[in-house]
Every structure is written in structure tokens, then in C-alpha cells.
Amino acid sequence: MNKAGIYFPAFSYCEMTIHIFNPDTDYALALGRKHYSPPSRIISLRKSMALFPAKFASPGDAILLIDDVEDKQLQESPYFEISVNKAIDIIKLNQIADYISQYESIHDNLTLQPWGWNHTILRTLLNAGVEQKYLKTEDRIDTIRELSHRRTTIPFQTILSKDLGDITVIPAKEFNSTTDAMGFLKSNPGAYFKAPWSSSGRGVINTTFMKTDEIISWVNGCIKRQGSVIGEIGRNRTGDFATEWFCKGGEARFLGLSLFRTTREGRYKGNVKGSQEFLWQSISGYTSLWNHNVIDAQKNAIDSIISPLYEGPVGIDMFSTVEGDLNPCVEINLRMTMGLATLWEN
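Every value quoted in this text rests on a predicted model; they were computed, and no experiment measured them.

Asker: Now, about the overall build of the protein: what can you tell me, with residues and values included?
Answerer: Of regular secondary structure, the protein possesses 13 helices and 13 strands. A globule of 346 residues ought to have a C-alpha radius of gyration of about 20 Å, and the protein, at 21 Å, matches this closely. Projected onto the principal axes, the alpha-carbon positions of the protein cover approximately 65 × 45 × 35 Å. The buried share of the protein, taken over its 346 residues, is 53%. Taking the intrachain contacts of the protein between residues at least 6 apart in sequence as the baseline, contacts between residues at least 24 apart amount to 70%. When the accessible surface of the protein is summed, it comes to about 15,800 Å², and 49% of that surface belongs to carbon and sulfur atoms. Of note, the protein has its 36 positive side-chain charges centred 6 Å away from the centre of its 39 negative side-chain charges.

Now the structure itself:
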């Protein structure tokens, strides 16, 4: 560590990315342009995993700490040694403006890449002295917020239904009243309800394991806080997996597959590591409906709905069922994902 408290090498690269781990981005998006103040448990998570981007960062990249993390805690991080081995700079928030000023003359393409964009991280970076040219605009973040709303799955699933004739795709439904939502549940016992913005399976309930008054209370609260609730028909899942993409220049590029584990409520538990061939064969073992047509149809849907308005990582979550069916889109993530981080791990 140098005297300024920054870890950085004595050499440079022509391209460099400054990574930021802000896993609470979906909750910040839910508040729109209001400032998001995360609870203490989220701040603790951000601190303990602040160096997590080192797993997928390129040598010579940098990591920006948006929380005040003590040097001892950094050095005890499981990702610290990776940071050192990759010669990754570790920058504190009050140093970012000087850091960029010092290095922008020797980096042809310096990029700031948070886990996800929202208005809170934008204001944090602006207040720290980062120039707007390195950041998303407020209007662009508003667009990301609207696309990140779970209602985006509805037109996405509609396109997939038309393109994938051999797969029955049932689009989700959005409800603005508890009465309508409970009517949907009555017609579809065991349905899932989802908040418009949440992450890693949080903000999702599996009504199978809840009492009616608990469901009503949850739906009421969700609609009051976020304006609506998304309803999906419940299925008995056998596998959870995703396609990972990157949108740039109005087009989506397929990066690879990810396979992950979830709880019965759908909360993320961890990714399965393996080659792309292994993941492909694993998904094929869950459902015979898995093939390249699914990827082609997803690309068409991304390029129709998302790519013209957004640049950055996209993850499309899917699942298989005990009947061998395939849901080719249950979630759309317009941010970094653990699946993409595992795919990019080097």
C-alpha cells in the first residue's frame, strides 16, 4: 500500500476498468431518484465483499471502495491476494478524482463499471468529483430503472412465445391492486408474487408456503412501496440457469451460460462452476427443450426491447420443471450477475 492508502502497480495499461461492488443496486433503483440508504447488513456485505470484483477483473484494473473499509479488513479479505496477484489498484472514494486525473492521460479507454447503475451511485461518484463523461446520465439511469422493472419480462416472454413454437411460454401478469392479485392466486394456486425491483430472489414469495393473511399483507406492502406486484404461475423447478449477454451499439452479444442453485423460494444460493460444454450438457439433462433456438429467440427479444436503450451486462434467468418443460425467461437482470462473474472469472 502506498502512502495515500491506494494499492496500485508501477506500470500501466492502455485500457482499464474501475469496478465498484454495489450489490444493493436493485433496491436503489426501486426508489428512483431518491437517495437510497442501505441497512447496516447491506453495508457490512459491501465492505466484506468490496474486493469481490477482483475475481473477474482484468490485470491492471482497479476497484473503488464506496464504503470506508479499514486496511486490516481489506488485507483479510479472501479476494485481497487475487487483487495483489493481478496488480489491481484499490482506491478509496476520496481519492477517485485524483486517481482518474492521474491516469486518464495514459489510459485510452478508462471505464467505471459498478455492479449496477442507479441514481444513488451516480450521485456518490459525482460528489466524489468524478466527471460526468465517465458516468451514466440521469435520463439513462431512468431508462435502466424502467427496463429493470419486472414488467419487462411480459413483452419479453411474449416475443419468446412467438419465436419458440415448441415451448409453452406463459407471460407474467402485473397487478396494481391486492384484490386482482389475490384473484390471480385463486385461479393459480401456488403462484409466485414478485416486487418490481429486488435481487437474488429477495422480494419474491412462493405462496405455497404462506398463509392467506401473510400473502395479502406482503402484496399490500409491495404495491404500497413499489406501485404494483408481478404474478407468475408456480412450477416445480428442477434446475436454474441463465444466459449471459452484453449489449453495446444497439445489439446483444451472447457471452455464455451459467448454472446456479436456489432455495425453494427462489433465492440465489451459488453458482455451479464448469466448462461451457459441461453447463450445456447439464441444462440439456434437465430438459430436452433446451437448444440453440432458445438463445436465438432471447437475442431477438433483447435486441427488440433492451439493446436499443441500454449498454451493459444482461442476464436472462430460466428454469426447467419436473415435467421437462422450460421457462426461457423468468428474470431479466440489467447489471452484473454472479453468473457473469463466474463466467468471467480468471
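Asker: Describe the nonpolar core, with residues and values.
Answerer: Core analysis: the largest hydrophobic core is formed by 54 residues, its most contacted members being Ile18, Ile96, Leu112, Leu125, Phe156, Ile306 and Val314. If you tally residues by element for this core, the top one is helix 12 (residues 292-305), at six residues. Residues in contact with Ile306, not counting those within four places in the same chain, are Leu147, Phe156, Cys247, Ala301, Val314, Ile332 and Leu334.

Asker: Help me get a handle on the layout of surface pockets, residues and values and all.
Answerer: Empty space left among the atoms is revealed by rolling a probe the size of a water molecule over them. Of the pockets and cavities examined, the largest pocket occupies roughly 980 Å³. Forming the boundary of the largest pocket are 38 residues, of which Thr17, Thr111, Gln113, Phe246 and Trp344 lie nearest the centre. Breaking the lining of the largest pocket down by element, the ones donating at least two residues are strand 1 (15-20), strand 4 (109-114), helix 7 (138-148), strand 9 (237-248) and strand 12 (312-321). Top element by residues in the lining of the largest pocket is strand 4. It accounts for five residues. Classifying every residue of the lining of the largest pocket gives 19 nonpolar, ten polar and nine charged.

Asker: Explain the packing of aromatic side chains to me, and be specific about the residues and the numbers.
Answerer: Applying the stated criterion to the full structure yields 14 aromatic pairs. With centroids separated by 6.0 Å and ring planes inclined at 65 degrees, the aromatic side chains of Phe52 and Phe56 adopt a geometry described as edge-to-face. In this structure, Phe52 and Phe56 share a single accessibility class: buried. Each ring, one from Phe260 and one from Tyr268, has its centre 6.2 Å from the other, and the planes form 45 degrees; the classification is tilted. Through pairs of rings, three or more aromatic residues link up here, namely Phe21, Phe52, Phe56, Tyr79 and Trp115. It is Arg145 that lies over the ring of Trp197; its NZ or CZ is 4.1 Å from the centre.

Asker: Outline empty space enclosed by the protein, supporting the account with residue identities and numerical values.
Answerer: For the coordinates displayed, the defined rule picks out five cavities of 30 Å³ or more. Roughly 130 Å³ of internal volume is contained in the largest cavity. Surrounding the largest cavity, 18 residues form its lining, Asp26, Ser148, Ser198, Ile332 and Asn333 being those nearest its centre. Elements represented by at least two residues in the lining of the largest cavity include exactly helix 1 (25-30), helix 7 and strand 13 (326-333). Here the residues of the lining of the largest cavity are counted per class, giving six nonpolar, eight polar and four charged.

Asker: Can you break down helix 7 residue by residue, with the values?
Answerer: All of the buried residues in helix 7 are Ile141, Ile144, Arg145, Leu147 and Ser148. On an axial view of helix 7, the arc spanned by its buried residues comes to 170 degrees, and they lie on one face.

Asker: Any details on the sheet that holds strand 9? Residues and values, ideally.
Answerer: Pairing in this open sheet of five strands is antiparallel, and the strands run 11-10-9-12-13 from one edge to the other. Because the sheet does not close on itself, it has two edges, and the strands there are strand 11 (268-272) and strand 13. On average, each strand axis in the sheet is tilted by 35 degrees relative to the strand beside it, whichever way the strands run. Here nine bridges tie strand 9 to strand 10 (residues 251-262), and the two strands are oriented antiparallel to one another. Paired with Phe246 across the two strands is Arg253, which belongs to strand 10.

Definitions and limits used
- Residues numbered from 1 in each chain as written.
- Predicted model: local features only at pLDDT ≥ 70, side-chain atom pairs only at ≥ 80, totals over all residues.
- Heavy atoms only, no water.
- Helix = DSSP H or I, 4+ residues; strand = E, 2+ residues; numbered from the N terminus.
- Rg over C-alpha atoms; globule rule 2.2 N^0.38 Å.
- Buried < 20%, exposed > 50% of the residue type's maximum accessible area, 1.4 Å probe, protein only.
- Contact = heavy atoms within 4.5 Å.
- Areas by Shrake-Rupley, 256 points an atom, 1.4 Å probe, with all protein chains shown as cover.
- Lys, Arg positive; Asp, Glu negative; His and termini not counted.
- Charge placed at Lys NZ, Arg CZ, Asp CG, Glu CD.
- Core = buried A, V, L, I, M, F, W, Y, C linked by side-chain atoms within 4.5 Å.
- 1 Å grid on protein atoms, 1.4 Å probe; cavity = no way out; pocket = protein on both sides within 12 Å on 5 of 7 lines; lining within 4 Å.
- Points joined across faces, edges and corners; volume = space filled by probe spheres on them.
- Nonpolar A, V, L, I, M, F, W, Y, C, P; charged D, E, K, R; others polar.
- Phe/Tyr/Trp six-rings, centres within 6.5 Å; stacked < 30°, edge-to-face > 60°.
- Lys NZ or Arg CZ within 6 Å of the ring centre and 35° of its normal.
- Arc of directions from axis to C-beta.
- Pairing = 2+ DSSP bridges.
- Axes fitted to C-alpha atoms, helices over the stretch in contact; angles between N-to-C directions.

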